[in-house]
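Here is how the chains run, residue by residue.
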Amino acid sequence: MGVVDKIKEFVAPIDEDGEDILEVEEEMEEVPRARYERAKSKNMNAMNSNTKMVLFEPRSFSEADEVGKRLKEGRAVVVNLHKLDREFAQRTIDFLTGVVFALDGKIQKIGTNVILCSPESIGVQGVINVDGGEE
């Protein structure tokens, strides 16, 4: 077995029958063992069609795309960033700012590490003063 064959075997292993093992693994769906291991986004698929606001508490930056999807669907989103590291919270805010800008929507801080994102189709009236000072 040459070096190239060893690399191919490492990257795309093939079993004795000649089937690609990676394809077989992709077809098998892993079922979470405990309730807390289930992805939160699966619960969002069963959302009522007349829902206007969705609440999110992401635990990783990868959940930001789910927030973006809800904004594209025309829903307002409240995002609580308390469970994210500071760096990932900032990345999430940057990402959502881009999504909101593309949708001509609005983004505003409504609490410490809590933001409200709304598409153009949903009006938001009023301002919450987070700093405690007068405007």
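Notes on the structure in this doc start here. (Residues numbered from 1 in each chain as written. Predicted model: local features only at pLDDT ≥ 70, side-chain atom pairs only at ≥ 80, totals over all residues. Heavy atoms only, no water.)

What follows deals with the overall build of the chain. What the chain contains, in helices and strands, is five helices and four strands. Counting the 135 residues in the chain, one finds 22% classified as buried. Summing over all exposed atoms, the chain offers an accessible surface of approximately 10,500 Å²; the carbon and sulfur share of this is 51%. (Helix = DSSP H or I, 4+ residues; strand = E, 2+ residues; numbered from the N terminus. Buried < 20%, exposed > 50% of the residue type's maximum accessible area, 1.4 Å probe, protein only. Areas by Shrake-Rupley, 256 points an atom, 1.4 Å probe, with all protein chains shown as cover.)

What follows covers the environment of alanine 102. By secondary structure assignment, the location of alanine 102 is in helix H5 (residues 86-102). Relative accessible area serves as the criterion here: at 62%, alanine 102 is assigned to the exposed category. Measuring from C-alpha to C-alpha, the distance between alanine 102 and lysine 72 comes to 9.6 Å, with 30 residues separating the pair along the chain.

Here helix H4 (residues 64-72) has its buried residues at Ala64, Glu66, Val67, Gly68, Arg70 and Leu71. Phi turns positive, to about 90°, at glycine 74, one or two residues after H4.

Here we come to the packing of aromatic side chains. Under the counting rule described, the total for this entry stands at one aromatic pair. When the centroid spacing of 6.2 Å and the interplanar angle of 80° are considered together, the rings of phenylalanine 61 and phenylalanine 95 count as edge-to-face. Taken as a pair, phenylalanine 61 in the loop between strand E1 (53-56) and H4 and phenylalanine 95 in helix H5 lie far apart in primary sequence, 34 residues in all. With a relative accessible area of 23%, phenylalanine 61 lands in the partly exposed category. By relative accessible area, which is 32% here, phenylalanine 95 ends up partly exposed. Geometry around phenylalanine 61 places arginine 91 over its ring, the cationic atom sitting 4.1 Å from the centre. (Phe/Tyr/Trp six-rings, centres within 6.5 Å; stacked < 30°, edge-to-face > 60°. Lys NZ or Arg CZ within 6 Å of the ring centre and 35° of its normal.)

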